[in-house]
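Here are the chains, one letter per residue:
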Amino acid sequence: LRQFRAQELTNALLGVAHMEHDPGRAWMDAAFQAATHNLQSFQGQETSNLLWACARLGHAPPAEVTDALLDQCAAQNLGGMASALNLSQCLWACAKLGRQPPASFVAAAEAEIPRCAARLNPENVDCILWALATLGLHLSDDAMSALVSSAARLSDRMDAEMLVKTHWALARLRHRPAAGDMQALAGAARRLVDDLPAEDRLTVMHAWGVLRCNPGDDVIRAYTSEFRSTGAGAGRPLSASGDDEEDEDVDEEEVIGEGGLDGDQCAKLLCAYGRCRHTPPPEHAAALANRLVEEAEKDALHPSAAVLGLWGASLLGLKMSTRQLDVLARDATAQNKLSPRSLAKIVWALAALGYDPTATDLFALKERAAAAMPVLMAKDQQALKEALTRLGDTSPAAPA
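What counts, and where the lines are drawn
Residues numbered from 1 in each chain as written. Predicted model: local features only at pLDDT ≥ 70, side-chain atom pairs only at ≥ 80, totals over all residues. Heavy atoms only, no water. Helix = DSSP H or I, 4+ residues; strand = E, 2+ residues; numbered from the N terminus. Buried < 20%, exposed > 50% of the residue type's maximum accessible area, 1.4 Å probe, protein only. Salt bridge = Lys/Arg side-chain N within 4 Å of Asp/Glu carboxyl O. Expected span 1.5 Å × (residues − 1). Arc of directions from axis to C-beta. Contact = heavy atoms within 4.5 Å. Phe/Tyr/Trp six-rings, centres within 6.5 Å; stacked < 30°, edge-to-face > 60°. Lys NZ or Arg CZ within 6 Å of the ring centre and 35° of its normal. Core = buried A, V, L, I, M, F, W, Y, C linked by side-chain atoms within 4.5 Å.

**With respect to unusual backbone geometry**
Here Glu20, not a glycine, exhibits a phi torsion of approximately 55 degrees, which is positive. Checked against the element boundaries, Glu20 lands in the loop between α1 (6-18) and α2 (25-37). The class for Glu20 is exposed, based on a relative accessible area of 66%.

**Re the pattern of salt bridges**
Across all of its chains, the model carries 18 salt bridges by this definition. Put simply, Arg5 and Glu8 hold a salt bridge, and the shortest N to O gap is 3.0 Å. Taking the relative accessible area as the measure of exposure, Arg5 reaches 59% and is therefore exposed. Note on Glu8: relative accessible area 34%, which makes it partly exposed. The shortest N-O distance in the salt bridge between Glu226 and Arg201 comes to 3.1 Å. Of this pair, Glu226 sits in the loop between α12 (217-224) and α13 (263-276) while Arg201 is found in helix α11 (residues 198-211), placing the two residues 25 residues apart along the sequence. Summarising the burial analysis for this pair, Glu226 and Arg201 share the class buried.

**Some remarks on helix α18 (residues 359-372)**
In a regular helix each residue adds 1.5 Å, so 14 residues correspond to 20 Å; α18 covers 20 Å between its end C-alpha atoms and thus fits that length. Three or more residues of α18 are buried, namely Asp361, Leu362, Leu365, Ala369 and Ala372. Buried positions in α18, seen along its axis, are confined to an arc of 100 degrees and lie on one side of it. Exposed residues pointing more than 90 degrees away from the buried face of α18 are listed as Ala359, Thr360 and Ala371. Those residues of α18 that are buried lie in contact with α16 (322-334), α17 (340-352) and α19 (378-390).

**Digging into the packing of aromatic side chains**
Within a pair of aromatic rings, the relevant descriptors are the distance that separates the centres and the angle that separates the planes. Scanning all chains against the criterion turns up three aromatic pairs. Judged by centre distance (5.1 Å) and plane angle (65 degrees), the ring pair of Trp208 and Tyr223 falls under edge-to-face. A residue pair is termed long-range when its members are at least 10 positions apart, and Trp208 in helix α11 and Tyr223 in helix α12 qualify at 15 residues. We note that Trp208, like Tyr223, is buried. In this structure, Lys345 is placed above the aromatic ring of Trp311, and the distance from its NZ or CZ to the ring centre is 5.3 Å.

**A look at the nonpolar core**
Core analysis: the largest hydrophobic core is formed by 135 residues, its most contacted members being Leu50, Leu132, Leu147, Trp208, Tyr223 and Met320. In contact with Leu132, not counting residues within four places along its chain, are Leu91, Leu137, Leu139, Met144, Leu147 and Leu173.

**A closer look at helix α6 (residues 103-116)**
Spanning 14 residues, α6 covers 20 Å between terminal C-alpha atoms, matching the ideal 20 Å at 1.5 Å per step. Of the positions making up α6, those classed as buried are Phe105, Val106, Ala108, Ala109, Glu112, Ile113 and Cys116. On its buried face, α6 sits against α4 (63-75), α5 (83-97) and α8 (141-153).

**Thoughts on the side chain of Glu112**
With respect to the helices and strands, the residue Glu112 is situated in helix α6. Once residues lying within four places of it in the same chain are set aside, the contact partners of Glu112 are Asn77, Leu78, Gly80, Ser83 and Arg119.

Below, the structure is given as structure tokens:
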């Protein structure tokens, strides 16, 4: 392998990757030594193909080899006219191998994405967004805006998988699309609603909530129809025109209803409704809140679900009984893995929902708040103090 030129070495790796044949660690080590020996002869295409093949095979090159190849690729302007493919393959490979790209490559990507955005195809956009979200890599606003605009431009070519992954990635990156781009993505969501299983619909709904984007109340109703066992629009599909259909042939067995959702799913829906400023049927929202309480009573409510659920309920202004709020408050104070900021959100939500705790329950909330105060930001400390006051505390814990 040491005698192989860069293109020949890359082709050999591509061959075994496409055949899904693992050549073994010894062979891969020899390939990496050959790549190091011929490093300066690698161009953008060879670099992206080699890293892609390594990621497919599950064999990570030594960190110094990966960084050297990516540094060189960045200096070569990511391969010029082939930058769209090279960029997407390199980032995908880094994410697949769990390797952060070097700063030089990230800077080159930020500069190149706005220039090559018009050449990005659906696979390029899909790979780049997935890689950025997986790596937790935040690019400049200009680069992200160009990338998301490319996704919007390609919205009529999106399939169901790309739609879900795009929304998942945007939520992970906390990047809210521009209004025009969101409108295009909402059109794709409307078109593909019947192609998505329940879990994927929940993923898209959660993303809209995280991004605080309302794609249209008709679209939200379509994405949540199977989760509503009663109320307006329960179990109805969305027609091609975007209106709710009156379809007598809807199979009732396909309607999951609130009872078929776990606590985490109910919490995501409640929070998404609140953040999207969408008003669900009252009986549907009440049923979701009741499912949260049932899960809390069984000690089966995840801390994140408690936060999302109570936060969503407060945004929607739900009317919950004292017994329900008692259960959720006691569950929160019993959670050992609840972060200080999550606790602050829960206390704030309980206050917004008009919770009237017993002296014992208020004391438990105060104890948890006192432990959380020292690590909270000043604005969160203030919000927590105000929430405790609304709950009846006259001497909230002071920050350490």
